[in-house]
Amino acid sequence: MCGITGWISYDQDLTAERERDTLAAMTATMACRGPDAAGMWTDTHAALGHRRLAVIDIEGGKQPMSVERDGRTVLVTTYSGEIYNYRELRAELLGRGHAFRTSSDTEVALHAYLEWGEDFTHRLNGMYAFALWDPREQQLLLVRDRMGIKPLYYCPTPDGVLFGSEPKAILAHPAVRPAVDIDGLAELLAFTKTPGHAVYRGMYEVRPGHVVRVSRQGLAEHRYWRLETRDHTDDTDTTVHRVRELLDDIVARQLIADVPLCTLLSGGLDSSAITALAARGLAENKQGPVRSFAVDFVGQTENFKADALRATPDGPYAHALAEHVNADHQDIVLDTAALMDPAHRRATLTARDLPFGSGESDTSLYLLFKAIRDRSTVALSGESADEVFGGYSWFHDPRAVAADTFPWLAVFRDFGFTGSRTGGREALLHPELLAKVDLGAYQADRYREALSEVPYREGDSATERRMREICYLHLTRFVQFLLDRKDRASMAVGLEVRVPFCDHRLVEYVFNTPWSLKTFDGREKSLLRAATRDLLPDSVAQRVKSPYPSTQDPRYADAIRAELRELLADDDAPVRPLLDIAAARRTADAANQDARQPIEMVLGLNAWLRQYEVELTL
């Protein structure tokens, strides 16, 4: 998968020792993403760094990678990701006269650009974020995959740009300070995931499906892919067949790796479908059985209590699927001590570079991936199926659908995540600060921006138009939270996670499927269930959606309340000026599990402000 970083400066010589030391420092921050090797390439005005996680062509895929002609470097890249159709592209390029030194997909990307120019992006199927430096044109391209599976950040400078897979790479440059203003704080708290917004002042994210071109004339951005409206003429049976056909091809492509591979298995429809497809694909290639992993908490399955979000524990369903496909399955069982361990929580914050208030769910994901990494280097995940097929409860909640906001916000208000009746995640922040941030106005503005992008189909009913909006909001906003979270937690331990449901061919096809077809059996994810029904046991196929698990151990809530009390007793705690101290003290003293979200937000903010030495300009 790898971590990339770099620096373009048209006014400096980046081959000088001090500049190379700076590049080395930036590259070192990406060691977690690439534990297998490190590399740097410098020219007068370009410096590229790379940390490698070796997955394909272990020996030949070293980076940064370049192409030389007549003794001159004509193109160089630092690349992160996987191109799943690289074998077909390689064969086509060989037919056009290109010669290859390696069998890696990285070299295919280089030659694809040399053959087709910037239009090469239309030919790529995969997850990727990379930089291409063309010494002939003195031009850099920053390229990100269509769905934004792989992260890529940049920071314009007076004479060029800094970039990296994660903000920490850019923050390692001495000219950049971690500063956050009101707009950045609003983005951090709002749960809207504005495309391109990086929270840190002066820093941006390359938007999904976009290319940023850097030259002496400055920066320019263009979009090479977007969700578009197409007529859907297939009937139900044909649509189900096409979904299965796509899934068979997608999973087969994503099973290619020169290192151990596994699946993430929660026992839900999405992860079970991927695990079953992977098991079949591996068996056909005589490579089975499939390895699978699930996260659980000590005593949770035995003492599980249903709530409004989760009706059933994952364990029994994950075990049923694993037995059904003869998987080599392992539960990763965590306890409260592991979730509260300061080293684990610090590693989780460092992985994300920002405090999102997700608390133990982020820590448990990090610990799950850390345990998996001992046995596998690549994992397939069921992430994004809910966004593609309409699986979340609020897709089917008339109040959420009719709400004049992002539908998840309408539902989350009832569970204290954001903007709830009691204040949600931001409940313990000072009223004057909240008035200045004005989350309501910020969320409304981002919602109107998102709606203005939606492609409509002429002649659609009001219901169909609204559900097209709901699907678009999830595929361009909500999914970004989950993809970013999964990428950071996995790459923090050098684990590559692949997301088959984000293949753009599947996304495009299902996006244009009428809502009546997406729900033809009267349930959520009708198309996915029908397309994979033959692979699943009845209990799994009929299971109702259950989100990523959260510990129900009351000792966890007690532990974070105790930590909040310690914070309030510390006059030097950097978050104190942002807090409503009286509300925080009441919450710290109240034995109320519902307060977990705002407590975790405060604890996360405090750790972030201290660890990153953030300058708040509010």
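Description of the structure in this document. (Residues numbered from 1 in each chain as written. Predicted model: local features only at pLDDT ≥ 70, side-chain atom pairs only at ≥ 80, totals over all residues. Heavy atoms only, no water.)

Sheet topology note: the strand β4 (residues 65-69)/strand β5 (residues 72-83) ladder contains five bridges and is antiparallel. Residue pairing in the sheet places Met65 in a bridge with Thr77 of β5. Between β4 and β5, which pair antiparallel in sequence order, lie two residues; one of them, Asp70, sits at a positive phi of approximately 55°. (Pairing = 2+ DSSP bridges. Helix = DSSP H or I, 4+ residues; strand = E, 2+ residues; numbered from the N terminus.)

Attention now moves to the nonpolar core. Ranked by size, the top nonpolar core spans 111 residues in total, and within it Phe120, Phe389, Trp394, Trp408, Phe478 and Leu506 carry the most contacts. Leaving out residues up to four positions away in the same chain, Trp408 has contacts with Phe191, Trp394, Leu473, His474, Arg477 and Phe478. Counting residues in hydrophobic clusters, the runner-up holds 74 residues, among them Ala47, Ala186, Ile332 and Leu578. (Core = buried A, V, L, I, M, F, W, Y, C linked by side-chain atoms within 4.5 Å. Buried < 20%, exposed > 50% of the residue type's maximum accessible area, 1.4 Å probe, protein only. Contact = heavy atoms within 4.5 Å.)

Our next topic: the side chain of Ser376. Checked against the element boundaries, Ser376 lands in the loop between α12 (360-372) and β17 (378-380). Once you skip the residues sitting within four places of it in the chain, Ser376 turns out to touch Pro260, Leu261, Cys262, Arg291, Phe293 and Leu495.

Within the secondary structure layout, Ala220 lies in strand β13 (residues 218-223). You can call Ala220 partly exposed: its relative accessible area is 34%. The spatial distance from the C-alpha of Ala220 to the C-alpha of Leu141 is 9.7 Å, given a sequence separation of 79 residues. Those residues in contact with Ala220 that lie beyond four places of it in its chain are Val211, Val212 and Arg213.

A few words now on the pattern of salt bridges. Under the criterion given, the structure shown has 53 salt bridges. A salt bridge links Arg18 to Glu19; its shortest N-O distance comes to 3.4 Å. The class of Arg18 is exposed, set by a relative accessible area of 63%. Between Arg466 and Glu469 there is a salt bridge, with its nearest N and O atoms 2.8 Å apart. With a gap of three residues between them, Arg466 and Glu469 both fall in helix α18 (residues 462-491), about one helical turn apart. Comparing Arg466 with Glu469, the two get one shared label, buried. Members of the salt-bridge network, linked through shared partners, are Arg33, Lys150, Glu166, Lys168, Arg352, Asp353, Asp362, Asp484, Arg485, Asp487 and Arg488. (Salt bridge = Lys/Arg side-chain N within 4 Å of Asp/Glu carboxyl O.)

This part covers the state of the cysteines. For the coordinates displayed, the defined rule picks out zero disulfides. Sulfur of Cys471: no disulfide; nearest cysteine sulfur belongs to Cys502 and is 14 Å away. (Disulfide = S-S within 2.5 Å.)

Moving on to the packing of aromatic side chains. How two aromatic rings sit relative to each other is given by the distance of their centres and the angle of their planes. As enumerated under the stated definition, the model contains 23 aromatic pairs in all. Taking the centre distance of 5.0 Å and the plane angle of 50° together, the rings of Trp408 and Phe478 count as tilted. With a gap of 70 residues between them, Trp408 in helix α15 (residues 407-412) and Phe478 in helix α18 connect regions that are remote in the sequence. Like Phe478, Trp408 is buried. (Phe/Tyr/Trp six-rings, centres within 6.5 Å; stacked < 30°, edge-to-face > 60°.)

Turning our attention to the sheet that holds strand β14 (residues 261-264). Taken together, five strands build an open sheet; the order of strands is β16-β15-β14-β17-β18 and the sheet is parallel. The open sheet is flanked by β16 (328-334) and β18 (496-498), the only strands paired with a single partner. Between one strand axis and the next, the sheet turns through 30° on average, direction left out of account. Here β17 runs beside β18; their pairing, made up of three bridges, is parallel. Across the sheet, Val378 pairs through a bridge with Glu496, a residue of β18. Its contacts with the sheet put α12 on β14, β15 (291-297), β16 and β18, and the angle it makes with β15 is roughly 145°. (Axes fitted to C-alpha atoms, helices over the stretch in contact; angles between N-to-C directions.)

In spatial order, the strands read β4-β5-β6-β7-β12-β13; together these six strands make up an open sheet with antiparallel pairing. Of all strands in the sheet, those bounded by a partner on one side alone are β4 and β13. Across this sheet, the average inter-strand angle for adjacent strands is 15°, counted without regard to direction.

Moving on, we come to helix α7 (residues 269-284). Along its 16 residues, α7 runs 22 Å from first to last C-alpha, staying within 8% of the 22 Å computed at 1.5 Å per residue. Counting buried positions along α7 gives 13 out of 16 residues, so the element sits mostly inside the fold. After α7 finishes, the residue Lys286 shows a positive phi value of roughly 55°. (Expected span 1.5 Å × (residues − 1).)

Moving on, we come to the packing of helix α2 (residues 86-95) against helix α3 (residues 105-116). Between α2 and α3, the shortest axis-to-axis distance is 10 Å and the interhelical angle comes to 45°. Considering their axes alone, α2 and α3 lie oblique with respect to each other. Crossing geometry of α2 relative to α3 is assigned as left-handed. Taken together, the residues of α3 that come into contact with α2 (itself represented by Tyr86, Leu89, Arg90, Glu92 and Leu93) are Asp105, Val108, His111, Ala112, Glu115 and Trp116. (Parallel < 35°, antiparallel > 145°, perpendicular 65-115°, else oblique. Left-handed = near helix turned anticlockwise from the far one by under 90°.)

The amide bond that connects Gln63 to the next residue, Pro64, takes the cis arrangement and shows omega of -5°. The residue Pro64 is located in the loop between β3 (46-52) and β4 in this model. Of note, the amide linkage connecting Gly288 to Pro289 takes the cis form, showing an omega dihedral of -5°. Turning to its location among the elements, Pro289 is positioned in the loop between α7 and β15. Residue Gln138 is not a glycine yet carries a positive backbone phi of 55°. One can find Gln138 in the loop between β6 (126-134) and β7 (139-144). Non-glycine residue Phe191 carries a positive phi angle of around 60°. Positionally, Phe191 belongs in the loop between α5 (182-190) and β11 (204-205).

Let us look at helix α9 (residues 315-325). Along α9, the positions that sit buried rather than exposed are Gly315, Tyr317, Ala318, Leu321, Ala322 and Val325. If you follow the buried residues of α9, they end up packed against α7, β15, α8 (300-303), β16 and α22 (538-541). Of the residues one or two after α9, Asn326 is the one with positive phi, at around 60°.

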